[in-house]
Structures are given as C-alpha cells and as structure tokens.
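Chain by chain, the residues:
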Amino acid sequence: MKKFFLTLAALLTFASPAFADHNGKTHGALDTITVGVDGMVCDFCARSLEKSFYQLENVEGVIIDLDKKTMALEIDQGTQLTDEKIKELVYYSGYKVRDIKR
Amino acid sequence: MRFLLFCAIFLLPLTAHARPVSWPGGWMVMLMNDTASNGAQINYTLTPKYALGIQHEYFREEKFNMDAATLDILLKRWNNTGSQANLYFKSGAGIAYGSDDTDPAAFAGLEIDWEDRRFFTLYENRFFYAGDQDKFIKHKARLGVAPYEGDYGDLHTWIMLQADYDAGADDTFSLTPLVRLFKGTTLIEAGYNLDGGVLFNLTKQF
C-alpha cells in the first residue's frame, strides 16, 4: 500500500507542469537560449561552461554540442539572462561568444 | 645522472597535460608517474588567467624531493570557431631536499598549444634549478590525433607522440608514444618510452 502511494506521488509530481529539480527547487516551463561558442573544441575543457552557468539560480540546463560549437541554456521561463551576463560567464570559462539566439 | 636528466624531462612537463588554468574557483589534482619520478600537484584557478598551486615531486634516481608553490598564467588565448590555441607561462618556487642537503628550487617555462577536435600540437620549455640537487633546460613537443570525434560526455581518445630534448643530457632526444583518454572531468595518459620507461598520468577537475 505504501509503495502504491509513493508511486502515485511520483507520477503526480512529474505529470504536473511544475516539478522539483534535484536541488528541490520547483520550477515550470523553460526558455532556451542557444549560444555559439568559439574555441569549444575539447570536452574536458568545456566542463568549465557547465560549472559557470549552473551557478546561476535560473539556469536549469546546460547542453553542450561540440559538433555545432553551441551551448543551449535552459532557464526558468519568465526570468532574465542578459547577453552581457552570458558573454561574461563564457569569457570566465575561457571561451568567446560567437552569437546568441533566443 | 644522464639517465635521470633525460627522464626528468617527463616530470614537470607532465603537469601540463590538462591546461594549467581552468575556470575561476576550479580545482585540479594531477598525479604524474614516469621512469624518473613521481609527482603530484593541486592547483586552484583564481581568475581566467591565473592559477596557484602546490607541487611535490620525488626524483627517484637522484633521490631528492622538491616542494614548490606554483603560479601559472594564461598569457594569451586564441578562440576560433573550430580550434583553440593558448600561450602559458608556468613557474614555481620552493625547496629541493635530499638525504643531506636542502637547496632552493625554482622553475619557469612557456607552453604554447593548438588543437581542434582532430589534431593537437604543443611545444613547451622549462628551466629548472635546484642548487646542487639538479639543474636543466628541457624542451618538449607533442603531436596528437583523435581517431574519432566523440560527443560531449563520451569517452575521448587521443593517440600522441611526445618528443623530448635536453641538450645537457647524454641521451639528448627521446620519443614517447602515448594514449590520452578522458571522460567528464577525468583525464588519463599512459605511454611507453622507446627507451623502456612507462608514463602514467591522471588529472581530475573539481
């Protein structure tokens, strides 16, 4: 019986439009910003981008694509992440922004 | 002595497998083992251009240790769409000590590298001084090729050839084929010197 309720609770949690992430933070829909990053040729080194952007509270996903040399940032819908902040963090991670698409 | 000088070339340069400056707030732990020495380094990146660390090395044949504080500086980085190049200044200062003597020790050198997802090149020099314990000037070059282009998060593989030159050693020139593997924040290198020495390095980023 206990297992049933736990399963039901899990289903209801993930079926709802808002859910809690691994930090226990509840959030809903996400916006995606695609950032072209110059110099991103090494997986080992590109870890710095994840480290830098996950420090921001409204960033829920950092998806690196080495083929396209892009980084997709998933941020909480309705929150802001300015081009200037993106450029600053990319520079701090050791790279250069090529373009930003929203 | 000649053998040690020749082999010692692997020690300090091997701290540079992973780039010596990572990201602000990032820690790096490196373990280096080769035919001549065993070493370990921990460094912390302060800014996008500066990293501070501590380094310990033991030169097995000459039987001396070196403990040093290190400062690595990214002098210039060239970011292009499909490639990246870097120029670093690497240095350290501390003490070298054997069973009897203790001497001041210092080293400095430049490293320049270029890579895309298929090819890797590197040149590095190092000026090393440790009083009566040892002193040398060494040069290192590497060429690498990746047999495949892995996606982010995959196991990445590089086949590399390292050439070392030390004008002060009897064996002035040496070649070491090696394999570099990395996945996530862990990097491993293993090689076999054509003169019979084994090379093994591990780098972990935090």
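Computed from a predicted structure; not experimentally measured.

## Some thoughts on the packing of aromatic side chains
Here's step 1: Following the criterion strictly, the structure yields four aromatic pairs over all chains and no others.
Here's step 2: Relative to Tyr 92 of chain A, the ring of Tyr 91 of chain A lies with its centre 6.0 Å away and its plane at 75 degrees, an arrangement referred to as edge-to-face.
Here's step 3: Classification of Tyr 92 of chain A as partly exposed rests on a relative accessible area of 36%.
Here's step 4: Consider the rings of Phe 120 of chain B and Trp 158 of chain B, whose centres lie 6.3 Å apart with planes at 70 degrees: the pair is edge-to-face. One end of the pair, Phe 120 of chain B, is in strand S7 (residues 119–130); the other, Trp 158 of chain B, is in strand S9 (residues 156–165), and 38 residues separate them in sequence.
Here's step 5: Using a relative accessible area of 5% as the deciding quantity, one classes Trp 158 of chain B as buried.
Here's step 6: Sitting over the face of the ring of Tyr 152 of chain B, Arg 47 of chain A holds its NZ or CZ atom 4.2 Å from the ring centroid.

## Description of the packing of helix H2 (residues 43–53) of chain A against helix H3 (residues 83–92) of chain A
Residues and elements named next belong to chain A.
Here's step 1: At a minimum axis separation of 9 Å, H2 and H3 run at an interaxial angle of 135 degrees. Our classification of the angle between H2 and H3 gives oblique. Considering only the axes of H2 and H3, their crossing is right-handed. Mapping the contact onto sequence places Leu 49, Ser 52 and Phe 53 in H2 and Ile 86, Leu 89 and Val 90 in H3.
Here's step 2: Looking at the contact of H2 with H3 residue by residue, the class counts come to five nonpolar, one polar and no charged.

The rules behind these values
Residue numbers run consecutively from 1 along every chain, following the written order of its sequence. Here the convention is simple: chains get letters from A, ligands get numbers from 1, in the order in which they are written. In keeping with the model being predicted, local features are shown solely for residues with a pLDDT of at least 70 and side-chain atom pairs are shown and tallied solely at 80 or more, while totals for entire chains, interfaces and linings include all residues. Side-chain measures were taken over the full set of non-hydrogen atoms in the model, leaving aside hydrogen atoms and water. Stacked, tilted and edge-to-face are the three classes applied to pairs of Phe, Tyr and Trp rings, where Trp contributes its six-membered ring and a pair requires centres within 6.5 Å; stacked means planes under 30 degrees apart, edge-to-face means over 60, and tilted covers the rest. The cut-offs for exposure are 20% and 50% of the maximum accessible area for each residue type, with area from a 1.4 Å probe on protein chains only; residues under the lower value are buried, those over the upper are exposed, and the others partly exposed. A run of H or I in DSSP becomes a helix once it reaches four residues, and a run of E becomes a strand once it reaches two; helices and strands are each numbered from the N terminus. Each ring is checked for a lysine NZ or an arginine CZ that lies within 6 Å of its centre and within 35 degrees of its normal; such an atom marks a charge sitting over the ring. With axes taken as lines fitted to C-alpha atoms, and helix axes fitted only over the stretch in contact, angles between N-to-C directions fall between 0 and 180 degrees. Should an angle fall under 35 degrees it is called roughly parallel, over 145 degrees roughly antiparallel, and 65 to 115 degrees roughly perpendicular, with every other angle called oblique. In this scheme the crossing of two helices becomes right-handed for a clockwise turn of the near helix relative to the far one and left-handed for an anticlockwise turn of less than a right angle. Whether two residues are in contact is decided by their heavy atoms, any of which lying within 4.5 Å being enough. Under this grouping Gly is polar, as are all residues other than the nonpolar Ala, Val, Leu, Ile, Met, Phe, Trp, Tyr, Cys and Pro and the charged Asp, Glu, Lys and Arg.

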